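Tertiary structure, described
For reference, the chains in residue letters:
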Amino acid sequence: MKATAKAHTNIALIKYWGKRDESLILPMNNSLSLTLDGFYTTTTVTFKEKLSEDIFYLNDHLITGEQYNRVTKFLDIIRSYAQRSNLYAEVSSINHVPTAAGFASSASGFAALAAAATRALNMQISEQELSKITRRGSGSACRSIYGGFVEWEQGMKDDGSDSYAVQLVSNDHWDVRVAAVVLSATEKKVSSREGMKRTVDTSPFYTSWVNSIPNDLTQIKQAIQDRDFEKVGQIAEANCLKMHATTLGANPPFTYWHDTTMSVMQEVRAMRDRGVPAFFTIDAGPNVKVLYLPEHETTVQKTLREIHGVNDVIVSRSGQGITYL
Ligand code: DP6
């Protein structure tokens, strides 16, 4: 009753920001992401008859508290699905992602956990079913089941049975690169979960944000099919700015940006002025991800590394979906 799975993180080009159901993790809008090969989690789950509770190791450290509770609550969902309510597991995860610094470690983390746990229990489920289960751990994680460009269909049903991710094009459709610009590896102050809730509950800009999504999605999906980089980049960058604008309208207001976040944004715009097509996007943290094409790799990396306050630049290509080791 043991299995190991590997999942990559993903970066949203059309953001998931806000839930219509907090407990089932049902989103207010469809979102779209690119799976990244540079950041991943490898998780081994071993169910053992003799355990009386779950045990969770992250990067070889025994985890307790809030992080442990999220894992064990998620395993409860899988146990109830498999009708094995009294069977506990030892979980060991290695995160190749700077945890909680806006690199969506929860996405690769819950995707790898869901895949390893369901495989360890020998559950015969489709990838679509796996995506639905994964969604219950962390919304963005349901997109990490697949490689390449992926859309999370929000679904309309109250029970969440039609809310799961689908692959739009495989990871060899198009070689788009993403440079993750690491500014600060410290834990963020407002988690994405708390931040999106506060925004939905209080920001007057929230409705406009949601209403703007369908058009962004239609346009970006066509541009991905056409491999129209300028168009994909423009839509993704504008979508990111709109999402972050909603946080400024929240009560109390907040932003994920640091001064260096803005320096990187400015430098990306300056690169475009110099004829290098590069575009940024930012999740619920200060770090910036920059999209570019392979022919500009040297210029983009060099430019980003020279910005004052940038600690590191990690390059990703389009990554693959779940694999079992
Ligand atoms: C800004 O998936 O971390 O990265 O469902 O509450 O676990 P929960 O939230 P999470 O939110 C991700 C928000 C985002 C945008 C995105 O990835 O689409």
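Residues numbered from 1 in each chain as written. Predicted model: local features only at pLDDT ≥ 70, side-chain atom pairs only at ≥ 80, totals over all residues. Heavy atoms only, no water.

Take the overall build of the protein chain next. On a plain count of helices and strands, the protein chain comes out with eight helices and 14 strands. A globule of 325 residues ought to have a C-alpha radius of gyration of about 20 Å, and the protein chain, at 19 Å, matches this closely. The buried share of the protein chain, reckoned over its 325 residues, is 57%. For the protein chain, the proportion of contacts with a sequence separation of at least 24, taken over those separated by at least 6, is 75%. Carbon and sulfur atoms make up 47% of the accessible area of the protein chain, which totals about 13,700 Å². If you average the places of the 34 positive and of the 35 negative side-chain charges in the protein chain, the two averages end up 2 Å apart. (Helix = DSSP H or I, 4+ residues; strand = E, 2+ residues; numbered from the N terminus. Rg over C-alpha atoms; globule rule 2.2 N^0.38 Å. Buried < 20%, exposed > 50% of the residue type's maximum accessible area, 1.4 Å probe, protein only. Contact = heavy atoms within 4.5 Å. Areas by Shrake-Rupley, 256 points an atom, 1.4 Å probe, with all protein chains shown as cover. Lys, Arg positive; Asp, Glu negative; His and termini not counted. Charge placed at Lys NZ, Arg CZ, Asp CG, Glu CD.)

A separate point is the site of the ligand. Around the ligand sit 18 residues in total, of which Tyr16, Lys19, Ser138, Gly139 and Ser140 are the nearest. A distance of 2.6 Å is found between an oxygen atom of the ligand and a side-chain nitrogen or oxygen belonging to Tyr16. Separating an oxygen atom of the ligand from a side-chain N or O atom of Arg70 is a distance of 3.3 Å. Across the complex, the protein chains shield 96% of the 460 Å² of accessible surface that the ligand would expose by itself. Here the shell around the ligand gets three residues from one element, more than from any other, and that element is helix H4 (residues 192-202). Counted by class, the shell around the ligand contains seven nonpolar, five polar and six charged residues. Here the shell around the ligand spans two domains, and each of domain 1 (2-173) and domain 2 (177-316) adds at least three residues to it. (Near = heavy atom within 4 Å. Polar contact = N/O pair within 3.5 Å; in protein donor to acceptor, adjacent residues only side chain to side chain. Nonpolar A, V, L, I, M, F, W, Y, C, P; charged D, E, K, R; others polar. Domains from an automatic or database assignment.)

This part is about the sheet that holds strand E12 (residues 288-292). Reading across from one edge, E11-E12-E10-E13 is the order of the four strands in this open sheet, with antiparallel pairing throughout. With one partner strand each, in any of the chains shown, strand E11 (279-281) and strand E13 (312-316) form the two edges of the open sheet. Going across the sheet, the axis of each strand differs from the next one's by a mean of 25°, ignoring polarity. Against the sheet, helix H6 (residues 229-248) engages E11 and E12, with an angle of about 35° to E11. Against the sheet, helix H7 (residues 259-273) touches strand E10 (177-182), E11 and E12, its axis set at about 155° to E11. (Pairing = 2+ DSSP bridges. Axes fitted to C-alpha atoms, helices over the stretch in contact; angles between N-to-C directions.)

Attention shifts here to the pattern of salt bridges. Within this structure, the stated rule accounts for 16 salt bridges. For the salt bridge of Asp283 with Lys15, the shortest nitrogen-to-oxygen distance reads 2.6 Å. Of this pair, Asp283 sits in the loop between E11 and E12 while Lys15 sits in the loop between strand E1 (2-14) and strand E2 (19-21), and the two are 268 residues apart along the sequence. Across the pair Glu297 and Arg177 runs a salt bridge, and its minimum N-O distance is 3.1 Å. Highlighted residues: Glu297 in helix H8 (residues 297-305) and Arg177 in strand E10, separated in sequence by 120 residues. Judged by its relative accessible area of 18%, Glu297 is buried. (Salt bridge = Lys/Arg side-chain N within 4 Å of Asp/Glu carboxyl O.)

Inspection of the secondary structure puts Ser93 in strand E7 (residues 88-96). Reaching out from Ser93, the side chain makes a polar contact with the side chain of Thr43 at a distance of 2.7 Å. Once you skip the residues sitting within four places of it in the chain, Ser93 turns out to touch Thr41, Thr42, Thr43, Phe56, Tyr57, Leu58 and Asn59.

Secondary-structure assignment places Ser33 in strand E4 (residues 31-48). A distance of 3.1 Å separates a polar atom in the side chain of Ser33 from a polar atom in the side chain of Arg143. With sequence-adjacent residues up to four places away left out, Ser33 is seen in contact with Asn10, Ile11, Ala12, Leu13, Arg143, Gly148, Phe149 and Val150.

Moving on, we get to the domain arrangement of the protein chain. Per the domain assignment, the segments of the protein chain are domain 1 (2-173) and domain 2 (177-316). On a C-alpha basis, the centroid separation for the pair domain 1 and domain 2 is 23 Å. Every contact between the two is made by 33 residues of domain 1 and, on the other side, 48 residues of domain 2. Between domain 1 and domain 2 lies a buried interface of about 3,300 Å² when both sides are counted; carbon and sulfur atoms form 67% of it. Viewed at the interface, domain 2 and domain 1 are joined by two salt bridges. One salt bridge in this structure joins Lys221 and Glu151, with 2.7 Å as the shortest N-O distance. Where domain 1 packs against domain 2, one counts eleven residue pairs in polar contact (both at pLDDT 80 or more). Those elements that place two or more of their residues in the side of domain 1 that touches domain 2 are E1, E4, strand E8 (149-153) and strand E9 (164-169). (Buried area = accessible area lost by both parts, 1.4 Å probe.)

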